[in-house]
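Fold and geometry: a report
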Amino acid sequence: MEHVRLGKTGLKVSKLCLGCMSFGTPGGPTHPWVLPEDEAQPFFIKAIESGINFFDTANHYNFGDSERITGKALKAYARRDEIVVATKVGLRMSEGRPNDRGLSRKHVFDQIDQSLARLDMDYVDLLYIHRLDPDTEHEEMLDALEAVIQAGKVRYVAASSMWAWQFAKLREMQKARGYQQFVAMQNFYNLAYREEEREMMPYCASEGVGVVPWSPIARGFLAGNRPKDGQSTKRAATDKMAQGYFGSTQDYAILSRVEKVAAKLGVKPAQVAYAWVLSKSFVTAPIVGVTRIAQLDEALGALDVKLDAASVRSLEAAYKTRDVAGHS
């Protein structure tokens with residue numbers, strides 16, 4: 001496993017990040033398709049044995065269940081000083097309670113303490129703002145994030161999907177105030193959704209911001225989990241986001257090209273989709289979300305898949321501009 005710097009920081013992370021959204025209480029409030037705690041253990045063991053040291057969760061994922069399972073597993077199988085743990089703040093944590101969401105000083109302070117309690121950790125390495133909060137002024141949000149850093153509860157701060165101009169503005173505000181700037185961007189990026197290449201990716205490359213894409217294989221679509229015959233995996237059948245984003249004629253044209261390159265190389269379609277993301281110099285580590293060990297094996301195997309220029313051109317040729325997605 002190769003380990004690389006996260007942006008311009010001295011923090012070293014594995015080239016794959018294990019996404020822990022897949023673990024929680026089945027039938028839960030946010031992701032009903034997740035695996036329970038006992039079924040999650042082999043994924044953490046396999047990841048750590050394979051050299052993955054980067055783990056991504058969020059308070060929102062089944063309202064804390066993912067954090068609880070992630071923290072317990074990592075405490076059992078890894079040394080705290082050898083792993084990089086990321087969580088998030090901003091999305092709702094209950095139904096109906098007005099202050100149980102957003103990026104207010106109150107919510108950030110409350111949630112970092114609750115996240116640390118669920119993870120059973122003294123600090124998190126990386127805290128993302130999960131999305132921007134239209135009801136909180138940027139100054140209040142940035143002051144709160146800097147405060148949790150100064151309190152020793154967070155080592156680095158980062159952001160998730162937004163417009164490039166918003167991200168640039170926030171980082172300039174942090175710089176002007178003498179605050180630690182966002183060190184990473186976790187954005188929506190894969191062969192079937194490439195709108196981030198227009199402004200966000202060039203900005204991150206120019207500024208030395210780490211890029212940690214979510215949904216690098218289009219929520220499984222590029223692995224073939226939603227074939228045209230109507231058969232699908234359990235997650236594909238119940239993941240509303242996947243159903244809303246992928247399934248157009250263009251998407252299937254891209255999938256066809258992925259499958260052709262995979263057949264030529266003798267690998268799985270998912271490995272081609274991962275290899276394409278990993279081939280981009282501005283990408284630090286894609287987030288790998290898995291519900292079967294075979295899927296994690298495929299992601300690990302993708303690290304050895306090298307795409308030649310002709311294959312890359314073929315994979316990218318079917319893409320056409322689409323509506324921006326993933327910001328909310």
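Refer to the structure presented above.
First, a word on scope: everything that follows refers to the structure included in this document. In this text, all values refer to a predicted model and were calculated from it rather than measured experimentally. All chains use their own residue numbering, which begins from 1 and follows the written sequence. Residues qualify for local features only when their pLDDT is at least 70, as the model is predicted, and side-chain atom pairs are given and counted only at 80 or more; totals for whole chains, interfaces and linings, by contrast, use all residues. Think of the side-chain values as coming from all heavy atoms in the structure, minus any hydrogens and water.

**Re the overall build of the protein**
Runs of H or I in DSSP of at least four residues are treated as helices and runs of E of at least two as strands, each being numbered from the N terminus. When its secondary structure is counted, the protein shows twelve helices and ten strands. The C-alpha atoms of the protein give 19 Å as radius of gyration, which agrees with the globular expectation for 328 residues (20 Å, within 12%). With respect to the principal axes defined by its C-alpha atoms, the protein has extents near 55 × 45 × 40 Å. Categorising residues by exposure relies on relative accessible area from a 1.4 Å probe, with only protein chains included: less than 20% of the type maximum marks a residue as buried, more than 50% marks it as exposed, and the intermediate range marks it as partly exposed. Counting the 328 residues in the protein, one finds 55% classified as buried. In what follows, a contact means two residues having at least one pair of non-hydrogen atoms within 4.5 Å. Of the contacts made within the protein by residues no fewer than 6 positions apart, 77% connect residues no fewer than 24 positions apart. Every accessible area reported is derived by Shrake-Rupley at a probe size of 1.4 Å, with residue values counting cover from the shown protein chains alone. For the protein, the accessible surface area stands at approximately 13800 Å², while carbon and sulfur atoms represent 49% of it. We score Asp and Glu as negative and Lys and Arg as positive, and we do not count His or the chain ends. Taken as the charge location is NZ of Lys, CZ of Arg, CG of Asp or CD of Glu. With 42 positive and 40 negative side-chain charges, the protein shows a separation of 4 Å between the mean positions of the two kinds. Here the radius of gyration uses the C-alpha set of atoms, whereas the globule reference equals 2.2 Å times the residue count to the power 0.38.

**Observations regarding the sheet that holds strand E9 (residues 210-211)**
For two strands to be treated as a pair, DSSP must find no fewer than two bridges joining them. Judged by pairing direction, the sheet is parallel, and its eight strands sit side by side in the order E9-E8-E7-E6-E5-E4-E3-E10 without closing on themselves. Of all strands in the sheet, those with a lone pairing partner are E9 and strand E10 (287-289), marking the two edges. Direction of pairing for strand E7 (residues 154-160) relative to strand E8 (residues 184-186): parallel, over a ladder of two bridges. Opposite Ser160, over in E8, you have Gln186 as the bridge partner.

**Quick word on the pattern of salt bridges**
Here, a salt bridge means any Lys or Arg side-chain nitrogen found within 4 Å of an Asp or Glu carboxyl oxygen. Enumeration according to the criterion identifies 21 salt bridges in this entry. Linking Asp120 and Lys75 is a salt bridge whose minimum nitrogen-to-oxygen distance equals 2.6 Å. With Asp120 in the loop between helix H3 (105-119) and strand E6 (124-129) and Lys75 in helix H2 (residues 65-77), this residue pair connects regions lying 45 residues apart in the sequence. The exposure class assigned to Asp120 is partly exposed, which follows from its relative accessible area of 48%. Here Glu95 and Arg92 are joined by a salt bridge, their closest N and O atoms 2.5 Å apart. Among the charged side chains, a network of salt bridges with common partners joins Glu37, Asp65, Arg68 and Lys72.

**Brief notes about the pairing of E6**
For a regular strand, side-chain orientation follows a simple rule: the groups alternate between the two sheet faces. Counting buried positions along E6 yields six of six residues, so the element is predominantly enclosed. With four bridges joining them, strand E5 (residues 84-89) and E6 adopt parallel strand pairing. The residue bridging Val89 from the neighbouring strand is Ile129, located in E6. Orienting the strands away from the viewer, one traces the path from the first strand over the helix to the second; a clockwise path indicates a right-handed crossover. Handedness of the crossover joining E5 and E6 through H3 is recorded here as right-handed. Sheet analysis places E6 next to E7, joined by five bridges and oriented parallel.

Treat this as a map of the structure, not an account of what it does.
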